[in-house]
Amino acid sequence: MKFFCTLLMVFCCSALVFSQDTEECFIPKIETDTAPLHYSEKKLPQRVSDFEPVTFNIYFWGFRLEDNTGNVAFNQENIDNAVRWLNEIYNQCNVSFNLLGTEIILSDEHYILENQIEFLSMIRDMRSNGYVREDAFNIYVSNQYFGFGGAAAAYFDTLAGIPAVKLIDSGTIQHEVGHCFSLLHTNQIIDATNCESATRDPNNKYYNADITGDLVTDTDACYIFTSEIDTDSCTLSSNRNDCFGYPYTIPSSLLHNYMTIGAPSCTKDQFTNGQFVRIRQAIELDPEGKFSKARVD
């Protein structure tokens, strides 16, 4: 593999989190100190307004073929749009992103990622060859992914990857940065040993929204969708029950949540207040000090 970098312009883990495109996502079992936590036990603020505004640098790395061709979507206009999309949603919890710079890497090996193992290989190469800015979130843009549409290197981290088309279509970069800030998929953890009850009554003995599921109490209990979604209206009429026997009640808003997978026809455009609080709590916790290094202020 050959690397050659050209500076174009100067001006956010231990386990991988894969997502989107085919809406197939992989989150391995997390057993480290940087795993998503039950934050209410950490005595952290519970309101977005209790946190001061914070700005992070962000840096984009684009892969082209070794003859310096391809990946035409990796251009300044699309990168500016991606940063604008991030700011449109994350500004709602007083988090901003400042474009620090962009850079081209010539690599036939990482130009297309065929699977998640190749994403792992790319991240290892980036670290070993010095293509990681500790003072910024790092977004790696290959020309194309197969089988997944984006990945975050880990929770509480500042490395993520997207294919070039996701610089054009909004949704994935917001999702991957959400994983960096420790957000889980709203409908990912649904196994019987970690079943989230659909009840949202905290006095109900089966209430567990704060300790299971995505650990956010104002996102409804959910599951991995199959074919129940009406793609024209982006609605879901579920007749399924949770493992405690309560019927799922899944509002249309959940299908539009950036962290919901399995609903590719539904435009993603929102986080809940609880997710915003969790983002800010993750920044406050910063267990490995990576967020603090990427801060502008």
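Remember, predicted model here, so these are calculated numbers, not experimental data.

> Hey, could you run me through the side chain of Asn-257 in this one?
You can see Asn-257 is positioned in the loop between α5 (252-255) and α6 (273-285). Setting aside its immediate chain neighbours within four residues, Asn-257 contacts Thr-186, Lys-268, Gln-270, Phe-271, Thr-272 and Gln-275.

> Where do I start with helix α1 (residues 76-90) in this structure?
In an α-helix, one turn spans 3.6 residues; hence positions three or four apart end up facing the same way. Under the 1.5 Å per step criterion, the end-to-end length of α1 is 21 Å for 15 residues, consistent within 8% with the ideal 21 Å. Regarding α1, the residues found buried are Asn-78, Ile-79, Ala-82, Val-83, Trp-85, Leu-86, Asn-87, Ile-89 and Tyr-90. For α1, the elements touching its buried residues are β3 (54-64), β4 (95-106), α4 (172-180) and α6. Regarding α1, its N-cap is Asn-75, as a side-chain oxygen of that residue lies 3.2 Å from the backbone nitrogen of Glu-77 further along.

> Which parts of the structure should I look at to understand the nonpolar core?
Side chains that are nonpolar tend, in soluble globular proteins, to be buried together. Core analysis: the biggest nonpolar cluster contains 47 residues, and Phe-56, Phe-60, Tyr-90, Phe-97, Phe-137 and Phe-181 have the highest contact counts within it. Listing elements by their share of this core, those giving two or more residues are β3, α1, β4, β6 (137-142), β9 (159-163), α4, α6 and α7 (290-294). Tallying contributions element by element places α1 first for this core, with seven residues. Those residues within four positions of Phe-97 in sequence are excluded, and the remaining contacts are Phe-56, Ile-58, Val-83, Leu-86, Asn-87, Tyr-90, Phe-137, Val-177 and Phe-181. Formed by 18 residues, the second largest nonpolar core is a distinct cluster that contains Phe-119, Met-122, Tyr-145 and Ala-151.

> Could you clarify how one ought to interpret the state of the cysteines in this entry?
Cysteine pairs can be covalently joined through their sulfur atoms, and such a bond is termed a disulfide. Within this structure, the stated rule accounts for two disulfides. Between the sulfur of Cys-195 and that of Cys-243 lies a disulfide, 2.0 Å long from S to S. Between Cys-195 and Cys-243 the sulfur-sulfur dihedral comes to about -130°; the bridge is accordingly left-handed. Of this pair, Cys-195 sits in the loop between α4 and β10 (229-230) while Cys-243 sits in the loop between β11 (235-236) and α5, placing them 48 residues apart in sequence. On the accessibility criterion, Cys-195 (8% relative accessible area) is buried. Taking relative accessible area as the criterion, Cys-243 reaches 46% and is therefore assigned partly exposed. Each sulfur of the disulfide joining Cys-234 and Cys-266 lies 1.9 Å from the other. Between Cys-234 and Cys-266, the S-S torsion sits near 130°, and that sign places the bridge as right-handed. Of this pair, Cys-234 sits in the loop between β10 and β11 while Cys-266 is found in the loop between α5 and α6, placing the two residues 32 residues apart along the sequence. Taking the relative accessible area as the measure of exposure, Cys-234 reaches 6% and is therefore buried. Numbered in order of appearance, the disulfide-bonded cysteines of the chain are paired 1-3, 2-4.

> Would you mind going over the pairing of β6 with me for this structure?
Across a regular strand the side chains alternate sides, sitting on one face of the sheet and then on the other. Along β6, six of the six residues are buried, which leaves the element largely enclosed by surrounding structure. Here β6 shows no split at all, with Phe-137, Ile-139 and Val-141 on one side and Asn-138, Tyr-140 and Ser-142 on the other all buried. Pairing geometry for β6 and β9, over five bridges, is parallel. Opposite Tyr-140, over in β9, you have Gly-161 as the bridge partner.

> Explanation requested: the packing of aromatic side chains in the structure shown.
Aromatic ring pairs are described here by two measures, namely the spacing of the ring centres and the angle between the planes. A complete count under the given rule lists 23 aromatic pairs for this structure. For the pair Tyr-59 and Trp-61, a centre-to-centre distance of 4.8 Å together with 50° between the ring planes defines the contact as tilted. This pair shows no difference in class: Tyr-59 is buried, exactly as Trp-61 is. A connected cluster of aromatic rings, assembled from ring pairs, spans Phe-56, Tyr-90, Phe-97, Phe-137, Phe-181, Tyr-258, Phe-271, Phe-276 and Phe-291.

Procedures and definitions
Residues numbered from 1 in each chain as written. Predicted model: local features only at pLDDT ≥ 70, side-chain atom pairs only at ≥ 80, totals over all residues. Heavy atoms only, no water. Helix = DSSP H or I, 4+ residues; strand = E, 2+ residues; numbered from the N terminus. Contact = heavy atoms within 4.5 Å. Expected span 1.5 Å × (residues − 1). Buried < 20%, exposed > 50% of the residue type's maximum accessible area, 1.4 Å probe, protein only. Polar contact = N/O pair within 3.5 Å; in protein donor to acceptor, adjacent residues only side chain to side chain. Core = buried A, V, L, I, M, F, W, Y, C linked by side-chain atoms within 4.5 Å. Disulfide = S-S within 2.5 Å. Pairing = 2+ DSSP bridges. Phe/Tyr/Trp six-rings, centres within 6.5 Å; stacked < 30°, edge-to-face > 60°.

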